[in-house]
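Descriptive structure summary
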Amino acid sequence: MSVSEELFERAVKVIPGGVNSPVRAYGAIGIAPRFIDRADGCYIYDADGNQYIDYIGSWGPMILGHNFAPVRESVIKACEKGLSFGCATAIEVEMAEFICKRIPHVEMIRMVNSGTEAVMSAIRAARGFTGKNKIIKFAGCYHGHSDAMLVSAGSGVMTSGVPDSAGVPKGCTEDTMTAVYNDLESVRILLEQAKGQTAAVIVEPVGANMGVVPPVEGFLQGLRKLCDEFGVLLIFDEVITGFRLAFGGAAQYYGVTPDLVTYGKIIGAGMPVGAYGGRKEIMEMVAPAGKVYQAGTLSGNPIAMAAGLTQLKYLYDHQKIYSDLEEKGERLYGGMEALIKEKGLPYRVNHIASLGSLFFTDQEVVDYTSAKTADTSAFSDYFKGMLSRGVHMAPSQFEAMFLSMSHTDQVIDQTLYAMRDYFDNCMK
């Protein structure tokens, strides 16, 4: 028995399912999860000493690679002063000023501890500002695990086969309406049905929790127009795309300005950080400035701020990183597409910049319904085959692959070679 298997046997006795987040579970794959001991660059090492090329990157934060030296050193230096004070600190102000000065649509920002908390708080602010209760989200878009958002969610919810969640009272979701991603008419219908009652439309500008599903041309621009037409706020959930597609996230990449935006992942450089921000008049509704209450004992934690600010400053000062990541994405995902075409396999590769997914379906994947046509059994075989070849990906058909600056051309080519070897020797 491997060390990872022994750890999993122990874990399931004291942790629900043996993991502290469902997306870490290998249940859909039928094997014990790998327990990771350390990471460096584009590699992770499990408790048994096995090395893997990593395409999870802590689910996105490690855009510069694991254990990036400037971030690590900033954390060590900050720790020397103390881990937490529960009081205001200078670095919180510096982080807020840095973002507000460089992201045009963020006039004010509030730090929190997770993406879930950021979304929950942004929705509360939107409701407080508009005086309206209803929210429109999209099937397959995941916005964290707060009660109101666990309706037709993607990601780990899709993998486990649970459409929503037990323990969520009906009353918590009765004001959440669900539209079809990439379908503007479905949004218009809901806005008409709930005219004068809708506070906001929230969207992952690039769907990344039903696999990667980019917006079709005009979709995000159309959402902006619909929100303006009906007097509704537009919230971009950029927990994944923020500071990844461009320094200004998907809003900059697609040229669409949201009213509110939520951040996570990269903003913390691997530390537990989230944030929400946007127009000043909306954010001034948040306590103690306004009547929308939101608090957090560890929000703006100085260690997390040190890590996140160091990474954001590096990204801002080296924005060629984004064109480099585009090239890396084309090399990896374009290479995957070419291999699938060469082999005559009925699969689809969706990708945008450094994000991508291989869907085991012959249908074009543009929304939640088409994503669910994927053959999860075929993905399970593929995952195990690639893992045995030293390539580590999310153990779910419905998660994204994440590239970092530490993935060299040689590493990407090694990944494509492993994929070719799998399809040559292991396809049933």
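Our structure is the block above this text.
What comes next is a walk through the structure. (Residues numbered from 1 in each chain as written. Predicted model: local features only at pLDDT ≥ 70, side-chain atom pairs only at ≥ 80, totals over all residues. Heavy atoms only, no water.)

**Section: the sheet that holds strand β14 (residues 401-402)**
Strands sit in the order β11-β12-β14 across an open sheet of 3 strands; the sheet is antiparallel. The open sheet has two free edges, formed respectively by β11 (348-352) and β14, since each of these has just one partner strand. In this structure, β11 lies alongside strand β12 (residues 355-359), joined through 5 bridges in antiparallel fashion. Along β12, the bridge assignment pairs R348 with F359. Along the sheet face, helix α12 (residues 320-343) touches β11, β12 and β14 and points at about 165° away from the line of β11. (Pairing = 2+ DSSP bridges. Helix = DSSP H or I, 4+ residues; strand = E, 2+ residues; numbered from the N terminus. Contact = heavy atoms within 4.5 Å. Axes fitted to C-alpha atoms, helices over the stretch in contact; angles between N-to-C directions.)

**Notes on helix α3 (residues 90-102)**
For α3, with 13 residues, the first-to-last C-alpha span of 19 Å sits near the 18 Å given by 1.5 Å per residue. Three or more residues of α3 are buried, namely M95, F98 and I99. The buried residues of α3 occupy an angular sector of 90° when projected down its axis, which confines them to one face. Among the exposed residues of α3, those pointing more than 90 degrees away from its buried face are A90, E97 and K101. (Expected span 1.5 Å × (residues − 1). Buried < 20%, exposed > 50% of the residue type's maximum accessible area, 1.4 Å probe, protein only. Arc of directions from axis to C-beta.)

**Points about the pattern of salt bridges**
In total, this model carries 13 salt bridges according to the counting rule given. The residue R279 makes a salt bridge to D259 at a minimum N-O spacing of 2.8 Å. Highlighted residues: R279 in the loop between β10 (274-278) and α10 (280-283) and D259 in the loop between α9 (249-254) and β9 (260-263), separated in sequence by 20 residues. By relative accessible area, R279 is classed as partly exposed at 24%. Given a relative accessible area of 7%, D259 falls into the buried group. What emerges from the salt-bridge pattern is a single network uniting R224, D228, D259, R279 and E281. (Salt bridge = Lys/Arg side-chain N within 4 Å of Asp/Glu carboxyl O.)

**A word on the sheet that holds strand β4 (residues 108-112)**
Within the open sheet, the 7 strands sit side by side as β4-β10-β9-β8-β7-β5-β6. Their pairing is mixed. Strand pairing shows two members of the sheet lacking a second neighbour, β4 and β6 (176-179), which therefore form its edges. Between one strand axis and the next, the sheet turns by 20° as a mean value, whatever way the strands run. Summarising the sheet, strand β7 (residues 198-203) and strand β8 (residues 233-238) pair through 4 bridges and their orientation is parallel. The residue bridging I202 from the neighbouring strand is I235, located in β8.

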